[in-house]
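# Topology and contacts: notes
Letter by letter, the chains look like this.
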Amino acid sequence: MGMTARVLAVDAGNSKTDVAVVAADGTVLATARGGGFRPPAVGVRAAVDALAEPVAEAFAAAGIASVDHVSACLANADFPVEEEQLAAALHARAWGATVEVRNDTFAILRAGITEPRGVAVVCGAGINCVGMRPDGRTARFPALGRISGDWGGGWGLAEEALWHAARAEDGRGEPTALSRTLPSHFGHDSMLALIEALHLEHIEPTRRHELTPVLFATAADGDPVARSLVDRLAEEVATMATVALTRLDLLEEETPVLLGGGILAANHPQLNDGIRDLLTDRAPKAVPQVVTARPVLGAALLGLDRLGASAAAQTRVRRYYDA
């Protein structure tokens, strides 16, 4: 069979799934991509069924039928009970002798660090934060939206921008350029017209996320209300990171704080500089950095960690994705 396949790495998000088959020495034998992973919408069984196609494609390309270990970083694995349910469903597929499931935020964290030690805050459609230490200790949040105390993420920012823009136009709130820039994005001349179009679904609800870049552009042009929302997001990111560092007793050690997801990876100066300034004050030894590596790399590294792979193997798989 050639090289021994040790790890099946799976990074499954709401919109896409990446898988990789990794050999004992860190060589990536095969990769594949599939669709989104949404257990809350379709159920655990159907969600795992959706993983079967890219896994089969990668196994066929690698010339194998199974691996030693499945390292799966999955969206919507927010509580231990959900991780256990998903791990049982993956184990039943017999893709690997052992299975470990983590929330997909751990993949972004591990992709950005050279050892399993650090904190990551991810801001994409939603917002989440996790941390880990080499001894296995972790810090995390449920990250279920407002019911779990979250604020921010692309969907949340778009909703806040709409709220302020609507109130500015009808007189309940302070003036903001958002009342002009948000409807203009969709070809409307007023917030009232945009609100009607959204309510009647003349604009697909999923397109609301397009308003987040408009918010950042309006803030960059100096609008006080838009800038206040960006500052509030910086506050949320810094707060989550500081709490995670505190839980892991890492405040007094130089520790990487990874900033990932579409919003943070875009490097908006006001946002990212604000986060760095806040961390300098609250966690002076934190080392913030933007991570753009593909999360499936993190899933692969977590799998190699579990199997006690050499540093050379970890370097080899990282070089594959860096290239």
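Below: a short report on this structure. (Residues numbered from 1 in each chain as written. Predicted model: local features only at pLDDT ≥ 70, side-chain atom pairs only at ≥ 80, totals over all residues. Heavy atoms only, no water.)

### Considering the sheet that holds strand β7 (residues 127–132)
Across a sheet, paired strands are connected by hydrogen bonds in the backbone, their directions being either parallel or antiparallel. Within the open sheet, the five strands sit side by side as β8-β7-β6-β9-β10. Their pairing is mixed. Only two strands of the sheet have a single partner each, and these edge strands are β8 (138–140) and β10 (286–290). Taken pair by pair, the neighbouring strands of this sheet meet at an average axis angle of 15°, ignoring direction. Sheet topology places β7 next to β8; three bridges connect them, and they run antiparallel. Bridge assignment links G131 to a residue of β8, and that residue is A139. (Pairing = 2+ DSSP bridges. Helix = DSSP H or I, 4+ residues; strand = E, 2+ residues; numbered from the N terminus. Axes fitted to C-alpha atoms, helices over the stretch in contact; angles between N-to-C directions.)

### Some details on the pattern of salt bridges
For the coordinates displayed, the defined rule picks out 16 salt bridges. With a closest N to O distance of 3.1 Å, D249 and R137 form a salt bridge. Taken together, the positions of D249 in the loop between α9 (224–247) and β9 (255–260) and R137 in the loop between β7 and β8 put the pair 112 residues apart, joining distant regions of the chain. You can call R137 partly exposed: its relative accessible area is 33%. A salt bridge links E210 to R207, with the shortest nitrogen-to-oxygen separation between them at 2.8 Å. Look at E210 and you get partly exposed, because its relative accessible area is 21%. What you see here is one network of salt bridges that share partners, running through K16, D18, R33 and R294. (Salt bridge = Lys/Arg side-chain N within 4 Å of Asp/Glu carboxyl O. Buried < 20%, exposed > 50% of the residue type's maximum accessible area, 1.4 Å probe, protein only.)

### Comments concerning the packing of aromatic side chains
Each pair of aromatic rings is reported with the distance of its centres and the angle of its planes. Scanning the entire structure with this criterion turns up one aromatic pair. Between Y320 and Y321, the aromatic rings sit 4.9 Å apart at their centres with planes inclined by 80°, giving edge-to-face as the arrangement. Accessibility expressed as a relative area gives 41% for Y320, which makes it partly exposed. On the basis of relative accessible area, Y321 is assigned to the buried category, the value being 14%. Lying across the ring of F106, R102 places its NZ or CZ 5.3 Å from the centre. The positively charged end of R247 is found above the aromatic ring belonging to F141, 4.6 Å away from the centroid. (Phe/Tyr/Trp six-rings, centres within 6.5 Å; stacked < 30°, edge-to-face > 60°. Lys NZ or Arg CZ within 6 Å of the ring centre and 35° of its normal.)

### What about α9?
Because an α-helix packs 3.6 residues into every turn, residues spaced three or four apart end up facing the same way. Across its 24 residues, α9 extends 34 Å between first and last C-alpha, which sits within 8% of the 34 Å expected from 1.5 Å per residue. Of the residues flanking the end of α9, it is D249, one or two places downstream, whose phi is positive at about 55°. (Expected span 1.5 Å × (residues − 1).)

### Details of a nonpolar patch on the surface
Together, F79, V81, L144 and I147 make up an exposed nonpolar region whose accessible area comes to about 400 Å². Inspection of the secondary structure puts F79 in the loop between β4 (67–74) and α3 (80–92). By relative accessible area, F79 is classed as partly exposed at 36%. (Patch = residues over 30% accessible without salt bridge, like charges linked within 9 Å, V, L, I, M, F, W, Y side chains within 5 Å. Areas by Shrake-Rupley, 256 points an atom, 1.4 Å probe, with all protein chains shown as cover.)

### Details of the layout of surface pockets
Here the largest pocket defines a volume of roughly 1,300 Å³. Every residue lining the largest pocket is counted, 41 residues in all, and those nearest its centre are N14, G124, A125, G126 and I127. Among the secondary structure elements, those contributing two or more residues to the lining of the largest pocket are β1 (5–12), α4 (105–111), β7, α5 (153–170) and α10 (262–265). Per-element tally for the lining of the largest pocket: the top contributor is α5, with four residues. When grouped by side-chain class, the residues that make up the lining of the largest pocket number 14 nonpolar, 16 polar and 11 charged. (1 Å grid on protein atoms, 1.4 Å probe; cavity = no way out; pocket = protein on both sides within 12 Å on 5 of 7 lines; lining within 4 Å. Points joined across faces, edges and corners; volume = space filled by probe spheres on them. Nonpolar A, V, L, I, M, F, W, Y, C, P; charged D, E, K, R; others polar.)

### Re unusual backbone geometry
Phi angles above zero are rare outside glycine, and A143 is one such case at about 55°. In this structure, A143 sits in the loop between β8 and α5. Classification of A143 as buried rests on a relative accessible area of 18%. You will see that E201, though not glycine, has its phi angle at about 60°, which is positive. Inspection of the secondary structure puts E201 in the loop between α7 (191–199) and α8 (211–220).

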